[in-house]
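# Chains, contacts and geometry: an overview
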Amino acid sequence: MSDRVQGLSADQLRRRIDPALFDFRTTAEIGTYDGLVGQERAIDAIRLASQIGHRDFNVFVAGPPGTGRHSTVLKLLTDEARARPVPDDLVYVNNFDLPHKPRAMRLRAGVGRQLKAEMEELINDLASDIPALFDSEDYQSQRRALDEEYGERHEEAMSDFVDRCKAESIAVLRTPMGFMLAPIREGQVVKPDDFQKLPEAEQAEIDEKIERLQVELAEILRAAPALEKEHRKRVEELNGQMTERVVSSQIDEALARFSDFPQIIAYLREVHADVIENVGLFLQVAAAEKEGQFAGAVRKYHAEPIFARYTVNLMVSRGPDEAEGAPIVTEHLPTLDHLSGRIEHLSEMGTLITNFTMIKPGALHRANGGYLVLDARQVLGEPFAWDALKRCLKSRSIQITTPAERLGLVSTVSLEPDPFDLDVRVVLVGDRLLHALLVSLDPEFSELFKLQADFEETVDLSDETILAFGKLLAGFAEHENLIPLTSDCVARVLEEAVRLAEDSTKLSLRIGSLADLLREADHYAKADGAKVIGAENVEKAVAEKERRESRIRDRLRESVRRGILMIDTHGERVGQINGLSVVGLGGTRFGQPSRITARVRMGEGEVVDIEREVELGGPLHSKGVMILSGYLSAAFATDVPLSLRASLVFEQNYGGVDGDSASSTELYALLSALAEVPIDQGIAVTGSVNQSGEIQAIGGVNEKIEGFFDICAERGLTGDQGVLIPASNVEHLALRDRVVEAVQAGKFRIIPVRHVDEGIAILTGKPAGQRVADGKFPEGSVNALVEARLRGFAEARRAFGQPGKED
Amino acid sequence: MAAEAKIRRRILVGAGCFADARPAMGLAERLGGEICGLMVADLAVIEASGLPAQRLITAKGDLLEPPSPERQKRQIAADARAFRAELVRLAELSGQTADFQQATGDLVASVISDARQWDVVVIGHRRLRGHSGRVVVLTSPSETTSEAVGLAEELASALGISGMHLEVSANGIEAVFREVARRDIAALVLPIELATSLGSGTLMRLLEASRAPLVLVGPEEINRPEGG
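Rules used throughout
- Residue indices follow the written sequence of each chain, beginning from 1 at its first position.
- Each chain is given a letter, starting from A, and each ligand a number, starting from 1, according to the order in which they appear as written.
- The model is predicted, so local features are restricted to residues of pLDDT at least 70 and side-chain atom pairs to those at 80 or more, both for listing and for counting; the totals for chains, interfaces and linings are taken over all residues.
- For helices the rule is a DSSP run of H or I covering at least 4 residues; for strands it is a run of E covering at least 2, with both sets numbered from the N terminus onward.
- We call two residues in contact whenever the C-beta atoms placed from their backbones are within 7 Å.
- Pairing between two strands requires that DSSP report at least two bridges joining them.
- Axis lines are fitted through C-alpha atoms, for helices just across the contact stretch, and the angle between N-to-C directions can take any value from 0 to 180 degrees.
- What a helix is expected to span follows from its residue count: subtract one and scale by 1.5 Å.
- Counts of 20 or more other C-beta atoms within 10 Å of a residue's own C-beta define buried residues, counts of 12 or fewer define exposed ones, and intermediate counts define partly exposed ones; C-beta atoms are placed from the backbone.
- Directions are taken from the helix axis to each C-beta atom, and the arc is the one they span.
- Each nonpolar core consists of buried Ala, Val, Leu, Ile, Met, Phe, Trp, Tyr and Cys residues. Their C-beta atoms, within 7 Å, join them into a set.
- Boundaries between domains were set according to an automatic or database domain assignment.
- For every residue, the predictor reports its confidence as pLDDT, a number between 0 and 100.
- Any angle between 65 and 115 degrees counts as roughly perpendicular, while under 35 counts as roughly parallel, over 145 as roughly antiparallel, and the rest as oblique.
- When the near helix sits turned anticlockwise from the far one by under a right angle, the crossing is termed left-handed; a clockwise turn instead gives a right-handed crossing.
- All residues other than Ala, Val, Leu, Ile, Met, Phe, Trp, Tyr, Cys, Pro, Asp, Glu, Lys and Arg, Gly among them, are scored as polar; the first ten of these are nonpolar and the last four charged.

The helix and strand tally for chain A stands at 27 helices and 30 strands. Taking the intrachain contacts of chain A between residues at least 6 apart in sequence as the baseline, contacts between residues at least 24 apart amount to 76%.

This part covers the interface of chain A and chain B. As a measure of interface size, the accessible area lost when the parts come together is often cited. With 36 residues of chain A in contact, the opposing surface of chain B contributes 43 residues. The set of elements that each furnish at least two residues to the side of chain A that touches chain B consists of α4 (137-167), β4 (170-175), β5 (178-185), α5 (192-197) and α6 (200-257) of chain A. Of all the elements, α4 of chain A adds the most residues to the side of chain A that touches chain B, at twelve residues.

Residue and element names in this part refer to chain B. An order of β5-β2-β1-β6-β10-β9-β7-β8 is seen for the eight strands of this open sheet, with the pairing classed as mixed. Only two strands of the sheet have a single neighbouring strand rather than two, namely β5 (99-104) and β8 (163-167). Across the sheet, the mean angle from the axis of one strand to that of its neighbour is 20°, orientation sign disregarded. The sheet contact formed by strand β9 (residues 185-191) and strand β10 (residues 214-217) spans four bridges and is parallel. Across the sheet, the residue bridging to Leu188 is Leu214, located in β10. Along the sheet, helix α1 (residues 18-31) makes contact with β1 (9-15), β2 (33-41), β6 (120-123), β9 and β10, crossing β1 at roughly 170°. Along the sheet face, helix α7 (residues 192-210) touches β6, β7 (134-139), β9 and β10 and points at about 160° away from the line of β9.

Residue and element names in this part refer to chain A. Strand order across the open sheet formed by seven strands is β23-β24-β22-β21-β26-β29-β30, with mixed pairing between neighbours. A single partner strand is all that each edge strand has here, and the edge strands are β23 (606-609) and β30 (749-753). Strand-to-strand twist in this sheet, taken as the mean axis angle between neighbours without regard to direction, amounts to 30°. As paired strands, strand β22 (residues 588-602) and strand β24 (residues 644-650) are joined by seven bridges and run antiparallel to one another.

All names here are of chain A. The terminal C-alpha atoms of helix α7 (residues 262-277), which comprises 16 residues, lie 23 Å apart, in line with the 22 Å expected from a rise of 1.5 Å per residue. Those residues of α7 not exposed but buried are Ile264, Tyr267, Leu268, Val271 and Val275. The buried residues of α7 occupy one face: seen down the axis, they fall within an arc of 100°. Exposed residues on α7 whose side chains face more than 90 degrees from its buried face are Pro262, Ala266, Arg269 and Ala273.

All names here are of chain A. In terms of strand pairing, β4 meets β5 through six bridges, oriented antiparallel. Bridge pairing in β5 links Ile170 to Pro183. Linking β4 to β5, which pair antiparallel, is a turn of two residues.

All names here are of chain A. Judged by nonpolar contacts, the single largest core of 106 residues is most densely connected at Leu473, Val493, Leu518 and Leu670. Looking at this core, the element that brings in the most residues is helix α17 (residues 487-501), giving nine residues. The residue makeup of this core includes at least three contributed by each of domain 1 (16-34 + 458-548) and domain 4 (555-801). With residues up to four places along the chain from it excluded, the contact list for Leu473 reads Thr27, Leu485, Val490, Val493 and Leu518. Listed in part, the 79 residues of the second largest apolar core include Leu76, Leu107, Phe282 and Val316.

Looking now at the confidence of the model for chain B. All names here are of chain B. Per-residue pLDDT for chain B averages 85, and the proportion of residues at 70 or more is 90%. Mean pLDDT in chain B bottoms out at helix α2 (residues 43-48), which sits at 84, and peaks at β6, which reaches 94. Low pLDDT (under 50) marks residues 1-5, which in the prediction has two contacts with non-local residues, meaning those over four places away or in another chain. Across the interfaces of the predicted complex, the ipTM metric reaches 0.85, alongside a pTM of 0.68.

Let us now look at helix α23 (residues 663-675) of chain A. Residues and elements named next belong to chain A. A rise of 1.5 Å per residue sets the reference length of α23, with its 13 residues, at 18 Å; its end C-alpha atoms lie 18 Å apart and thus fit the reference within 8%. Here α23 lies mainly inside the structure; 13 of its 13 residues are buried. Backbone geometry just downstream of α23 places Glu676 in the positive-phi region, at approximately 55°.

Residue and element names in this part refer to chain A. Contact geometry for helix α18 (residues 511-527) and helix α19 (residues 535-548): axes closest at 8 Å, N-to-C directions at 115°. Looking at the two axes, α18 sits roughly perpendicular to α19. For the element pair α18 and α19, the recorded crossing hand is right-handed. Seen from α18, the contacting residues are Leu517, Glu520, Ala521, Tyr524 and Ala525; seen from α19, they are Asn537, Val538, Lys540, Ala541, Val542 and Glu544. Residue composition of the contact of α18 with α19, by class: seven nonpolar, one polar and three charged.

Take the pairing of β5 of chain A next. Residues and elements named next belong to chain A. Bridging between β5 and strand β6 (residues 188-189) involves two bridges; their strand directions are antiparallel. Bridge assignment links Ile184 to a residue of β6, and that residue is Val189. Between β5 and β6, which pair antiparallel in sequence order, lie two residues; one of them, Glu186, sits at a positive phi of approximately 55°.

Here the focus is the environment of Val137 of chain B. Residue and element names in this part refer to chain B. Inspection of the secondary structure assignment puts Val137 in strand β7. Exposure remark for Val137: the 25 C-beta atoms within 10 Å place this residue in the buried category. Once you skip the residues sitting within four places of it in the chain, Val137 turns out to touch Ala148, Val149, Ala152, Gly163, His165, Val189 and Leu190.

What follows is about the packing of helix α1 (residues 40-51) of chain A against helix α2 (residues 69-82) of chain A. How two helices sit against one another is set out by the angle between their axes and by the gap between those axes. Residues and elements named next belong to chain A. Running from amino to carboxyl end, α1 crosses α2 at an angle of 40°, the nearest separation of the two axes being 10 Å. On the basis of the axis angle, α1 is oblique to α2. For the crossing formed where α1 meets α2, the hand is right-handed. Here Ile43, Ile46, Arg47, Ser50 and Gln51 of α1 lie close against α2, whose contacting residues are Thr72, Val73, Leu76, Leu77 and Glu80.

In structure tokens:
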């Protein structure tokens, strides 16, 4: 252990951004930039989608959250939408012939609103004018004359009949069930007994008269309904003529105003005919009003349910105060109803009823002629929504369906509204996994979403990107009303971007995380009364975030401190080593050392991964153990059977482990156990190994180092302690200052290794040993000891198998 | 609102059956007041069904076998129940109690005998048509008629129809019969004094000729304050 390996220098542990790179003291001095850095490819794809006129060039914006996908999409679409025309108004009106099939009208922007106002005014006017007309003496006198004419025609027939009966001495008797005729003698009805006493000839004469008159009366009574019908017809004609005068004068004005719109002209003519046919509706309202509490008050008659048939259902119309250009609609709850619209129902006397006024627009209606932005996961999570979206895009029309219809559960009155033509560009925002799943599982997806905008997670670190990022942060500060950032602050934020990227040559493009960091730093700066955000505020924000998220980490550290979780940070042990893992909980990640032990004995060439045996190990971990097993069997005593039984375990691991980043660590423990050479417990190890013994890069290197460092620091740094990391991870280092400072002071080491032989030598203080000319490892080397042990196992196994040796 | 003395009439509705009573009840309801009912079944009508050539002619013009006397009696009983139920309904609407009596004999004679006890007497007659017709008031030059004319105007206004004034002239009542027989009449209004002077036979002829309810109006009826 005397040949102490120094490890990496402090300046290799963290990429520093020099504030001097910026030619400003605070961001208040520079122009801002509200675009994105490093997302040119994605931006071009979105721009193409927003500009191209051909169908189905919808775009899926893929990338991790926090990379500015939504804001970029909205900004690009807003720029493009401004230059586009305002889309048409969409309205539904009554189909007077087939009320269950409402008519769709697509009208020039603003005309739908005008039509709605026109119809409301028309109904208000007619609801006043028509009852007034029917109350007028002009109408009343005509109506009375008509009623009297028909009344007297009927009465005359009855009167003549009664006269004839009287002339023939026959009385008309009223009974509860109808009329009967009876002979009269001296003013009295002849009773049946008296009738029988009359001469037969007289009886016959009376019978003949009664029978004849009965038939006549029956004919008169039967004729009454026909006369009634004729009367009703005449009244309807009179009503029609009177109504026509009022309606024509009102509707002619509307026809003149909309003379350029054939659809509206046709609709108004239908309204004209329908009002005349249903003039009773206007009279009903007037009659109800007379009895009502506010008789005579000026009323908005168009709002009466009885006049709903003349309503203009304005589905979509751009208000006068709204922005010019094409619409950009973001639907945050893309249910089927919210997407393609819905038909509402009202419960009336226990029955669900609906009409065209209850058709409500969906996001597709509102976005028609413009852009619709949706979250892919939400659309896919809503029943029938994805299917409906695709159907509308394929058919280029907006068809309104309900889940009940789709499931065949509808048992009530529903509508079949004319669908509107659809011209919309859909932007789906989601993650890459969703995109991959859609491409592979939904054959229609690639047809309908021809473009992908793939957001980068990192961008190369260069002076150019650093300066661009500086402007980006300045723009963000201005947009979010933060106080200006100093150049130190910007540099510090960029260092955090490097750490987020887990690569000292990259900057993370997860703008969301950096934005949150800046917002928190702004809060601290303002709390201190500062006029600018400095690096110290960012530092505090980073530290506070870590502190907020470190409850579990601290509990684990406490367990280590109290010896409940057994981690040695000094001394030597055979077959025991400190491995490093990363614990991830939500957005929190921290490194945690684990004791890994290996035990060996003679066996049949098995390396038992105890984690896998008890199903606490994931597949990648098992793969790592198998690889190290492969290395072992190929590197040592290849001329004899591998007669080893080894067991590997993550001690005190109760929650499972996955990944192969501990495979080199496990191999070191195994080699130590085989060679019976102790390992320095002050050094923790991370890195995966391949079958050639090369150490490969792993993730979370910074958290792992910091996890072990914090435990060592708590117990007191000795200067011998450190972490072995894969050499290929060196450029990923972005360690916290406390680690960098300890390394600077020679109190901690970060040692890159490329091969197992390097690592085992550092851990044991003994050379690993390379095979020499005779094929053997140098005596006393770790590898020589390992090979000797393995060979010993093989010999023992062979001896154990020979006859006579069993005793 | 200032308290205004409302008319609370005592109205008798007389009819031979419920079909005749219903339009009379409608008129009484329009007039408002305390309504009492009297149903007088004419036994001669029941007996007339026994004539050999007898047929029943329904309001729709169907010719049917005449109902037996028993069936007619059951029908009269059912009509009485319906008459009483309708009276009760009207009485409940105005918060009063219903008084209903049933008898046999001559309806008009029964009603006219004590007509002076009532403010208004309505003698029912079924309407064969749905038309509104007109309200006709019949007066005599020798009698005070202002109450009858006032009530006729009130009825015409309530029904939304026109009115007509006839007078028993020197030509006698026959001219009136001819006139009303050819008119479409919703109600024929006349003073009780005139009705009693005409007698039940003439009144019956007026009823048959007009084919509309007769409304007999007492001399003091419009001056009786509510609760008075």
